[in-house]
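Residues per chain are reported as follows:
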Amino acid sequence: RKMLRQLGYKVAWFPGCDPEKQPRGKKAIVAGHIDSHASLVEGKDGEQYLLVARSFFEQSSPTKEKVKRASDFTGAHLVVIEDSELPHLAFNLIQFRNGVIAISQTGKEGGTEYIPSTLETALDGIVGPEKVVVLPPLRNIPQRTQAGIRCMSNILPTEFIQKAKEATGQK
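Residues numbered from 1 in each chain as written. Predicted model: local features only at pLDDT ≥ 70, side-chain atom pairs only at ≥ 80, totals over all residues. Heavy atoms only, no water.

**Considerations on the pattern of salt bridges**
Here is step 1: This structure, assessed with the given rule, holds three salt bridges.
Here is step 2: Lys108 is paired through a salt bridge with Glu85; the nearest N and O atoms lie 2.6 Å apart. Taken together, the positions of Lys108 in strand S6 (residues 108-110) and Glu85 in the loop between strand S3 (77-81) and strand S4 (94-95) put the pair 23 residues apart, joining distant regions of the chain.
Here is step 3: Take Glu85: its relative accessible area is 55%, and that puts it in the exposed class.
Here is step 4: In this structure, a network of salt bridges that share partners links the residues Arg54, Glu58 and Glu82. (Salt bridge = Lys/Arg side-chain N within 4 Å of Asp/Glu carboxyl O. Helix = DSSP H or I, 4+ residues; strand = E, 2+ residues; numbered from the N terminus. Buried < 20%, exposed > 50% of the residue type's maximum accessible area, 1.4 Å probe, protein only.)

In structure tokens:
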């Protein structure tokens, strides 16, 4: 945390998830993994948006207050997403430098048409529908590995690597 702050990042404390207070089907959430129930994205307006699962946000009054405080401190707009129909680890998504978001399918097939989830609809509004890439669903992987799409990739901005090297005296 100290290193990130030295690099100019705003770092806020974020509460943990209490799996016992989660709806059935979401109990497998790994308590210490923020991306089980929240994600920070940059909108088409250049602003930061903290997307939070309603089941997590409303698990307790202290959680609500701590999430609001983290959102306020970092300057991110808080967006609470209804998650009762979302699959496990839906918030585990990737946003690339060009603003494109890759997300595992969280909506449903409705006959001949695809019905976007509440999360996909919110992302369409925040970054624009042309910047949301819905990938095939990861139905069994998150349940078995406790990892979502972001966990299965190794993406680190080159600026972060360079700043980290400079801060530690490396070349």
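**Observations regarding the sheet that holds strand S2 (residues 48-53)**
Here is step 1: Within the open sheet, the three strands sit side by side as S1-S2-S3. Their pairing is mixed. The sheet terminates laterally at strand S1 (38-42) and S3, the two strands that pair on one side only. Averaged over neighbouring strand pairs, the angle between their axes works out to 25 degrees when direction is ignored.
Here is step 2: Taken together, the five bridges between S2 and S3 define a ladder with parallel strand orientation. In the strand pairing of S3, Ala53 is matched with Ile81.
Here is step 3: Sheet strands in contact with helix H3 (residues 61-74) are S2 and S3, and its direction is about 140 degrees off that of S3. (Pairing = 2+ DSSP bridges. Axes fitted to C-alpha atoms, helices over the stretch in contact; angles between N-to-C directions. Contact = heavy atoms within 4.5 Å.)

**As for the packing of aromatic side chains**
Here is step 1: Scanning the model with the defined rule gives one aromatic pair in all.
Here is step 2: Centroid distance Phe14 to Phe56: 5.8 Å. Interplanar angle 25 degrees. Geometry classified as stacked. Linking Phe14 in the loop between helix H1 (2-6) and S1 with Phe56 in helix H2 (residues 54-57), this pair joins segments that are 42 residues apart in sequence. Considered together, Phe14 and Phe56 belong to a single accessibility category, that of buried residues. (Phe/Tyr/Trp six-rings, centres within 6.5 Å; stacked < 30°, edge-to-face > 60°.)

**Brief notes about H3**
Here is step 1: In this model, H3 (14 residues) spans 20 Å end to end at C-alpha, consistent with the 20 Å of a helix rising 1.5 Å per residue.
Here is step 2: What H3 keeps buried is the set Thr63, Val67, Ala70 and Ser71. Each buried residue of H3 lies within a common arc of 95 degrees when the element is viewed along its axis, so the set occupies one face. Residues of H3 that are exposed and point over 90 degrees away from its buried face: Ser61, Arg69 and Asp72.
Here is step 3: Where H3 is buried, its residues contact S2, H2 and S3.
Here is step 4: Two residues or fewer after H3 comes Gly75, characterised by a positive phi angle close to 80 degrees. (Expected span 1.5 Å × (residues − 1). Arc of directions from axis to C-beta.)

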